[in-house]
Amino acid sequence: MKRRLRSILKWGCTATTVLLLVVWVGSASVLVGSPLTDNTYVAVVEGRVEFGWLRPPGAWSDDGLLIETNDRPVIRWWFELRRHSAPPVAGFEVSVPVWVLSAPTGALAMCLWYRDRRRAPGLCAKCGYDLRGTDHVVCPECGAAAPRALKAES
Ligand SMILES: [Zn+2]
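Residues numbered from 1 in each chain as written. Predicted model: local features only at pLDDT ≥ 70, side-chain atom pairs only at ≥ 80, totals over all residues.

Structural notes on the packing of helix α1 (residues 2–26) against helix α2 (residues 98–117)
1) Next: The contact between α1 and α2 brings their axes to 8 Å, and the two run at 145°. At the point where α1 passes α2, the crossing takes the left-handed sense. Contact with α1, carried on its side by R6, L9, K10, C13, T14, T16, T17, L20, L21, V23 and W24, involves V98, W99, L101, S102, T105, G106, L108, A109, L112, W113 and D116 of α2 and no other residues of that element.
2) Next: Each residue belonging to the contact of α1 with α2 can be placed in one class, and the counts come to 13 nonpolar, six polar and three charged. (Axes fitted to C-alpha atoms, helices over the stretch in contact; angles between N-to-C directions. Helix = DSSP H or I, 4+ residues; strand = E, 2+ residues; numbered from the N terminus. Left-handed = near helix turned anticlockwise from the far one by under 90°. Contact = placed C-beta atoms within 7 Å. Nonpolar A, V, L, I, M, F, W, Y, C, P; charged D, E, K, R; others polar.)

Here's what the structure looks like:
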């Protein structure tokens, strides 16, 4: 059960990371955004997730989902907090780089993949051949050196 949960987590993190990276690259040339309330919106644009609070109501976009393409791809790499004060619009916008969001899921996925890569004790580290109960110095299957502890055991 624990193993299965780890497998789900591993694949979930991998899928999330890939998805975020696709969104990240895609957002360089396509803006996708939507108002959340009359005064707030969320958008993915230029490599970042942007959250904004603007006045008056509908200042950002009042016709729902907004999709815009950009001829020249732009990636912005870092966080940003902007104040908006071009009358009549006032408010603020905060941006979080998408790559920052993909870093923890990517790191976790890599750890889980690395963990699963290791063979169970008693098996050849390289090919997985069962070396238990043998006194092979090298794996008879692939020629890799057998673990020392195993040799001492038998
Ligand atoms: Zn082997």
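That covers the picture; the talk isn't over yet.
Let's talk about the pairing of strand β6 (residues 90–97)
1) Next: Relative to β6, strand β3 (residues 48–55) runs antiparallel, the two sharing eight bridges. Paired with R48 across the two strands is P97, which belongs to β6.
2) Next: The hairpin turn running from strand β5 (residues 80–84) into β6, its antiparallel successor, is five residues long. (Pairing = 2+ DSSP bridges.)

Observations concerning α1
1) Next: The terminal C-alpha atoms of α1, which comprises 25 residues, lie 36 Å apart, in line with the 36 Å expected from a rise of 1.5 Å per residue.
2) Next: Among the residues of α1, C13, T17 and W24 are the ones counted as buried.
3) Next: In the core, the buried residues of α1 are packed alongside α2. (Expected span 1.5 Å × (residues − 1). Buried ≥ 20, exposed ≤ 12 C-beta atoms within 10 Å, placed from the backbone.)

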